[in-house]
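Commentary on secondary and tertiary structure
This is what each chain is made of:
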Amino acid sequence: MSFIGGVTDSLLRNFQYNANWTGTSLPLLTVGEAASYPEPYYPMGRWPDPILRRPATSFPKDAIKKDPLLLTNISNKLRQTARENGAVGLAAQQCGIDVSMIFLDEPGLLGGGVRVGGGSFFINPRIVRRSPEEDMKVWKERCLVLPPSFTATVLRDATVEVQYENLQGETKYRTLRGELARAFQHELDHDRGILIVDHVSFDELEAESVVMRKIEERGHEERQSLAYQRFLG
């Protein structure tokens, strides 16, 4: 699977953006490597690490059924990674794991605000139906892989029907609305190598910093076109 164009220069690995933000240089982990990762949670990528621009690879249904523990092990660590970082959602791709998997941490707290288990996992997620374009909602979004000073104004579909495989390899359908729909679309962007910087104009990038614009301008129009696509399947 190729990288999204324009932001894959090796000089962007471990890039020091400013005194408070240094990017990562995560390795690409196979499903087997991620499943046997020795720590309880994964490191998360930090922009402008090129790994964040690599679209995730789908995982065959037959392979899930053949060895369901592989993705179950990854899911447990992915959930823990999200909670360690205060994320409402997380794509495996954000941790350099080469599998198309999204986690959404849905409501349901135990005593003391501690979450144990729970959340939803979407393997090979795809949107099969969207609400009408005129019903799209405006959101202000931040992203944990980007400097905390950066905020993007994005349009998201109000409702999406998604098709995916669960951890047993069964194909499922689910309709998401409101915040869950927004979070799912944000994580699906990550799954495709898209970031919220791809949803905004050059002026908004430069308002953040000239450095960000310089890093993002090569290939930005291509990535913006992908970000705006209301694709199905």
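About the thresholds
Residues numbered from 1 in each chain as written. Predicted model: local features only at pLDDT ≥ 70, side-chain atom pairs only at ≥ 80, totals over all residues. Heavy atoms only, no water. Pairing = 2+ DSSP bridges. Helix = DSSP H or I, 4+ residues; strand = E, 2+ residues; numbered from the N terminus. Axes fitted to C-alpha atoms, helices over the stretch in contact; angles between N-to-C directions. Core = buried A, V, L, I, M, F, W, Y, C linked by side-chain atoms within 4.5 Å. Buried < 20%, exposed > 50% of the residue type's maximum accessible area, 1.4 Å probe, protein only. Lys, Arg positive; Asp, Glu negative; His and termini not counted. Salt bridge = Lys/Arg side-chain N within 4 Å of Asp/Glu carboxyl O. Contact = heavy atoms within 4.5 Å. Phe/Tyr/Trp six-rings, centres within 6.5 Å; stacked < 30°, edge-to-face > 60°. Lys NZ or Arg CZ within 6 Å of the ring centre and 35° of its normal.

**Description of the sheet that holds strand 8 (residues 159-165)**
- Pairing within the open sheet is antiparallel, and its five strands lie in the order 3-4-5-8-9. For this open sheet the edge positions go to strand 3 (89-91) and strand 9 (171-177), each flanked by a neighbour on one side alone. Sheet twist, expressed as the mean angle between neighbouring strand axes with direction ignored, is 40°.

**Brief notes about the nonpolar core**
- Among the nonpolar cores identified, the biggest contains 43 residues, and Leu-71 and Met-101 are the most heavily contacted of them.
- Of all the elements in the fold, those that place two or more residues in this core are helix 1 (31-35), helix 3 (68-84), strand 4 (101-104), strand 5 (120-130), strand 7 (152-156) and helix 6 (210-216).
- The element that contributes the greatest number of residues to this core is helix 3, accounting for four residues.
- Grouped together as the second largest cluster of nonpolar side chains are 13 residues, Ile-102, Val-160, Ala-181 and Ala-183 included.

**Considerations on the side chain of Glu-208**
- Following the sequence through the fold, Glu-208 ends up in helix 5 (residues 202-208).
- One buried charged side chain, Glu-208, makes no salt bridge at all; its nearest oppositely charged neighbour is Arg-142, positioned 8.7 Å away.
- For Glu-208, the residues in contact, after removing those within four places along its chain, are Tyr-17, Pro-147, Ser-149 and Phe-150.

**Looking at the packing of aromatic side chains**
- Evaluated as defined, the whole model comprises five aromatic pairs.
- Ring geometry for Tyr-17 against Trp-47: centres 5.0 Å apart, planes inclined by 85°, an arrangement best described as edge-to-face. Remark: Trp-47 occurs in the loop between helix 1 and helix 2 (61-66) and Tyr-17 occurs in strand 1 (residues 16-18); sequence separation between them is 30 residues. This pair shows no difference in class: Tyr-17 is buried, exactly as Trp-47 is.
- Taken together, a centroid distance of 5.3 Å and an interplanar angle of 70° make the contact between Phe-122 and Phe-184 edge-to-face. With a gap of 62 residues between them, Phe-122 in strand 5 and Phe-184 in helix 4 (residues 178-191) connect regions that are remote in the sequence.
- For Phe-184, a relative accessible area of 0% corresponds to the buried category.
- Through a chain of ring-to-ring contacts, three or more aromatic side chains come together here, namely Phe-122, Tyr-164 and Phe-184.
- Sitting above the plane of the Trp-21 ring, Arg-46 keeps its charged end 3.7 Å from the centroid.
- Of note, Arg-182 hangs over the ring of Trp-139, and the distance from its end group to the ring centre comes to 5.6 Å.

Any functional reading would require information beyond the geometric quantities listed.
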